[in-house]
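Tertiary structure, described
What follows is the residue order along each chain.
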Amino acid sequence: MDAMIELRSVTKRFDDFLAVNEIDLSIRAGEFITLLGPSGCGKTTLLRMISGFETPTSGAVLLDGKDVTRSPPYRRDVNQVFQSYALFPHMTVRENINFGLRMKKVPRAEAAERVRAAVAMVSLEGLEDRKPAQLSGGQRQRVALARAIVCRPKVLLLDEPLSALDAKLRHAMQVELKALQKKLGITFVFVTHDQEEALTMSDRIAVIHEGRIEQLGDATQIYHRPRTTFVANFIGQANILRAAVVSRSGERAQVRLDGGIELLVNAEHLAPGAESALVSIRPEKISLRKERQSAFENCFEAHVEDELFRGATDQLRLRTDSGLALTAIVANESSGHAALHAGDRVFCHLHPDDIAILHED
Ligand SMILES: Nc1ncnc2c1ncn2[C@@H]1O[C@H](COP(=O)(O)OP(=O)(O)OP(=O)(O)O)[C@@H](O)[C@H]1O
Ligand SMILES: [Mg+2]
């Protein structure tokens, strides 16, 4: 097992506030792992314990098999891109990016070439001689990123490195960063609270909530099989409904929603003997048709209460005859079936595997 970073029961207390609560996590060499969670959940604190700027209250941090829990940052082959950029104000862009190479005594010609490539990667050509104060927030953030990448550390910790960029640049940088990470084989620990960014970039995602890892898995597991209400709500949208368990046989169970709608679900995550469960249904998994489709095992009727135009999709609020409210998302103007409007009656279809059973504490 080639763990590059290993966290063993890592805990951080600030006075009596528990910021990180017994986190166990093993990160493989060359892996792109994302820490995803709301503001204040402990992401930065966890990164700072990996880089050595913060010491755990208890637990251990291992890098490449070595216990570094009490080692200072400069003794670790780890670079961190800080949430606050932390550029040297008196140095130019070029000098800032070159700083780590100079410390490592990389030969001048090679350093110049690496700095040039890093500047190109973050699209800062032409700004090399400016000082940080003469840059916008997004440009400063890109300097910080280039400065960390240019050193090619074994481990790169990135604390919301793209948060100040506009959507277009951000998407371009996501692709560039991911490609670079693969090419150089650097282990990335990436912090974001942007769920879409986490889903597109990561090998694995750790969803963090109140100092704990609430779920760890790849993008499809996290998205399609959220384990808890928190994960289901934090990543994408979800209809979360209470259901009574009617019967079960093998891999399938029959459940009844409030209002009497019965659904066939995948019973894999249903606790043995459970009499009820919380289920999560992604809005885009509800297939809406004007006629009943026999290919689906689950079908019920509803009417459209209102519609919201969202660009590529329409968001619809549905109400079943028994009064249950649901949100559905459909591609607008999709060929084959007409657009839906408030007042329309629809048949809602669901595949059993698209109904996730949530874990309740
Ligand atoms: N030095 C400190 N002293 C006291 N409390 C702290 C300290 N540093 C962080 N905290 C608290 O610990 C919690 C976790 O902080 P942290 O900075 O790790 O959150 P985060 O997940 O990075 O949030 P954000 O997304 O807003 O950056 C917060 O409630 C914060 O107020
Ligand atoms: Mg933070």
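Below: a short report on this structure. (Residues numbered from 1 in each chain as written. Chains lettered and ligands numbered in written order. Predicted model: local features only at pLDDT ≥ 70, side-chain atom pairs only at ≥ 80, totals over all residues. Heavy atoms only, no water.)

Let's shift gears to the overall build of the protein chain. Within the protein chain one finds 8 helices and 20 strands. Judged by the C-alpha coordinates and their principal axes, the protein chain covers about 70 × 45 × 35 Å. Burial status across the protein chain gives 48% buried among its 361 residues. Considering only contacts in the protein chain between residues 6 or more positions apart, those separated by 24 or more positions represent 65%. Entry remark: accessible area of the protein chain is about 17500 Å², with carbon and sulfur atoms responsible for 49%. Looking at charge distribution, the protein chain has the averaged site of its 46 positive side-chain charges lying 8 Å from that of its 48 negative ones. (Helix = DSSP H or I, 4+ residues; strand = E, 2+ residues; numbered from the N terminus. Buried < 20%, exposed > 50% of the residue type's maximum accessible area, 1.4 Å probe, protein only. Contact = heavy atoms within 4.5 Å. Areas by Shrake-Rupley, 256 points an atom, 1.4 Å probe, with all protein chains shown as cover. Lys, Arg positive; Asp, Glu negative; His and termini not counted. Charge placed at Lys NZ, Arg CZ, Asp CG, Glu CD.)

Bringing helix 1 (residues 43-51) into the picture now. Taking burial as the measure, the 9 residues of helix 1 include 7 buried ones, the bulk of the element. Lys43, Thr45, Leu46, Leu47, Met49, Ile50 and Ser51 are the residues of helix 1 that are buried. Just beyond helix 1, the residue with positive phi is glycine 52, at close to 100°.

This brings us to the pairing of strand 4 (residues 58-63). Where strand 1 (residues 3-14) lies against strand 4, 5 bridges are found, and the strand directions are antiparallel. Across the sheet, threonine 11 pairs through a bridge with serine 58, a residue of strand 4. As paired strands, strand 4 and strand 5 (residues 66-67) are joined by 2 bridges and run antiparallel to one another. For leucine 62, the partnering residue across the bridge sits in strand 5 and is aspartate 67. If you look at the hairpin formed by strand 4 and strand 5, you'll find 2 residues sitting between the two strands, and aspartate 64 has a positive phi there, around 50°. (Pairing = 2+ DSSP bridges.)

We now examine the packing of aromatic side chains. All chains considered together, the criterion is met by 5 aromatic pairs. Pairing phenylalanine 230 with phenylalanine 234 gives two aromatic rings, centres 5.5 Å apart and planes at 10°, and the pair type is stacked. Here phenylalanine 234 and phenylalanine 230 lie together in helix 8 (residues 229-234), a separation of 4 residues that amounts to about one turn. A connected cluster of aromatic rings, assembled from ring pairs, spans Phe32, Phe188 and Phe190. Lying over the aromatic face of tyrosine 223, arginine 282 brings its terminal NZ or CZ to 4.2 Å of the ring centre. (Phe/Tyr/Trp six-rings, centres within 6.5 Å; stacked < 30°, edge-to-face > 60°. Lys NZ or Arg CZ within 6 Å of the ring centre and 35° of its normal.)

If you trace the 5 strands from one edge of the open sheet to the other, you get 15-19-16-17-18, paired in antiparallel fashion. Both edges of this open sheet fall to strand 15 (287-289) and strand 18 (325-331), since each of them pairs with a single strand only. Averaged over all pairs of adjacent strands, the angle between their axes in this sheet comes to 45°, without regard to strand direction. Here strand 17 (residues 313-320) runs beside strand 18; their pairing, made up of 7 bridges, is antiparallel. The residue bridging threonine 313 from the neighbouring strand is alanine 331, located in strand 18. (Axes fitted to C-alpha atoms, helices over the stretch in contact; angles between N-to-C directions.)

With respect to spatial proximity, 14 residues lie near ligand 1, and among them Ser39, Gly40, Lys43, Thr44 and Thr45 are the closest. In this structure, cysteine 41 approaches ligand 1 through a main-chain N or O atom, which is 3.2 Å from an oxygen atom. Contact between ligand 1 and lysine 43: an oxygen atom at 2.8 Å from a side-chain N or O atom of the residue. If ligand 1 stood free it would expose 640 Å²; the protein chains cover 62% of that surface. Of all the secondary-structure elements, those providing two or more residues to the shell around ligand 1 are strand 2 (17-28) and helix 1. Among the elements that line the shell around ligand 1, the one with the most residues is helix 1, at 3 residues. (Near = heavy atom within 4 Å. Polar contact = N/O pair within 3.5 Å; in protein donor to acceptor, adjacent residues only side chain to side chain.)

As a further point, take the sheet that holds strand 10 (residues 212-217). Reading across from one edge, 6-7-8-3-9-10 is the order of the 6 strands in this open sheet, with mixed pairing throughout. This sheet does not close on itself; its edge strands, each paired only once, are strand 6 (78-81) and strand 10. The mean inter-strand angle of the sheet, taken between neighbouring strand axes irrespective of direction, is 15°. Across the face of the sheet, helix 1 comes into contact with strand 3 (32-36), strand 6, strand 7 (155-159), strand 8 (187-192) and strand 9 (204-209) while running at roughly 155° to strand 7. Across the face of the sheet, helix 5 (residues 167-184) comes into contact with strand 3 and strand 8 while running at roughly 155° to strand 8.

By themselves, these observations are geometric and do not establish any function.
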